[in-house]
Amino acid sequence: MTCIYPGSFDPMTFGHLDIINRAAKFCDTLIVAVLNNSSKTKATLFSVVERMEILREATMHLPNVEIDSFAGLLVNYAQARGASVVIRGLRAVTDFEYEFQMALTNRTLGEGQGVRLETLFIPTSTEFLYLSSGIVKEIAAHKGDISNMVPPHAAKKIYKKFDGTYQGGI
Ligand code: ADP
């Protein structure tokens, strides 16, 4: 079973990594796909290449995990990669409505193209319940400690973006 875990990953956090580690156990191949939609108005802190580098370094220990990027509709990318399952992480109830809408949309779009695409939701581990890329950026921008939110190699790159280092080291 080839699975795709799509997202912005701007940047990847321990919350994402937890989902990747757990999904890699039951997927034959897990493709972590960084969304590269330049039409999206949301400006990102990291380029697609930078986001992929962070993910690659964090998943080196997982031989069945591949880091890639995609643009356009997820169904088309899934079809091209021969994937039938989309992995998404769920934190609070607040994630649910958007995720549910996306899952139904992808399934409906897929059916129209003869592609079977099911979404599998993996509930977050409790320690990552309130962790998001946005929170990490906010804390790093104010030189706060993000060492329990992202791996050291990611933290270094994040602080660099904000032209500073955390007083506590790294
Ligand atoms: P997107 O912009 O597509 O939501 P994100 O990079 O923010 O991309 O998230 C990608 C996926 O990872 C989503 O399914 C999101 O719910 C999940 N995710 C993000 N943070 C966590 C976390 N702390 N625990 C579990 N899942 C998470």
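The following paragraphs examine the structure supplied in this document. (Residues numbered from 1 in each chain as written. Predicted model: local features only at pLDDT ≥ 70, side-chain atom pairs only at ≥ 80, totals over all residues. Heavy atoms only, no water.)

Quick look at the site of the ligand
Definition in use: Consider each residue's heavy atoms; a residue with any of them within 4 Å of a molecule or strand counts as near. Here a polar contact means two N or O atoms within 3.5 Å. Within protein one must be a hydrogen donor candidate and the other an acceptor candidate, and residues neighboring in sequence count only if both atoms are side-chain atoms. Only DSSP runs of H or I with at least four residues qualify as helices, and only runs of E with at least two residues qualify as strands; both kinds are numbered from the N terminus onward. Any residue that is not Ala, Val, Leu, Ile, Met, Phe, Trp, Tyr, Cys, Pro, Asp, Glu, Lys or Arg is counted as polar, Gly included; the first ten are nonpolar and the last four charged.
Around the ligand, the surrounding shell holds 17 residues, and the nearest of these are Tyr5, Ser8, Phe9, Gly89 and Phe128. One of the side-chain N or O atoms of Tyr5 is found 2.7 Å from an oxygen atom in the ligand. Contacts to the ligand include Arg91, whose side-chain N or O atom sits 3.3 Å from a nitrogen atom. Taken together, the elements giving at least two residues each to the shell around the ligand come down to strand E1 (2–7), helix H1 (14–26), strand E4 (85–90) and helix H4 (93–112). Its residues placed into classes, the shell around the ligand shows 6 nonpolar, 6 polar and 5 charged.

Looking at the nonpolar core
Convention followed: Definition used in this section: a nonpolar core is a set of buried Ala, Val, Leu, Ile, Met, Phe, Trp, Tyr and Cys residues joined via side-chain atoms within 4.5 Å. Exposure categories follow from relative accessible area, calculated using a 1.4 Å probe and restricted to protein chains: below 20% of the type maximum is buried, above 50% is exposed, and the middle band is partly exposed. Should any heavy atoms of two residues lie within 4.5 Å, those residues are considered in contact.
Counting residues in hydrophobic clusters, the biggest one holds 36 residues, and the most contacted among them are Leu30, Val32, Ile87 and Ile146. Mapped by element, the contributors of at least two residues to this core are E1, H1, strand E2 (29–35), helix H2 (48–58), strand E3 (65–70), E4, helix H5 (133–141) and helix H6 (152–161). Leaving out residues up to four positions away in the same chain, Val32 has contacts with Tyr5, Phe9, Ile20, Leu55, Val65, Glu66, Ile67 and Asp68. Ile4, Ile31, Ala33 and Leu117 belong to the second-largest nonpolar core, a separate cluster that totals 12 residues.

Looking at the side chain of Thr13
If you trace the backbone, Thr13 turns up in the loop between E1 and H1. Contacts of Thr13, omitting those with residues within four sequence positions, involve Leu131, Ser132, Ser133, Val136, Met149 and Val150.

Remarks on the packing of H2 against H6
Stated precisely, the cut-off is as follows: Whenever a helix is involved, its axis is fitted only over the stretch in contact; in every case the axis is a line through C-alpha atoms, and angles between N-to-C directions fall within 0 to 180 degrees. In these notes the angle categories are as follows: under 35 degrees is roughly parallel, over 145 is roughly antiparallel, 65 to 115 is roughly perpendicular, and the rest is oblique.
With their axes 9 Å apart at the nearest point, H2 and H6 run at an angle of 155° to one another. When the axis of H2 is compared with that of H6, the two are roughly antiparallel. Facing H2, whose interface residues are Glu50, Glu53, Ile54, Glu57 and Ala58, H6 presents His153, Ala154, Lys157 and Lys161. A breakdown of the residues in the contact of H2 with H6 according to their chemical character gives 3 nonpolar, 1 polar and 5 charged.

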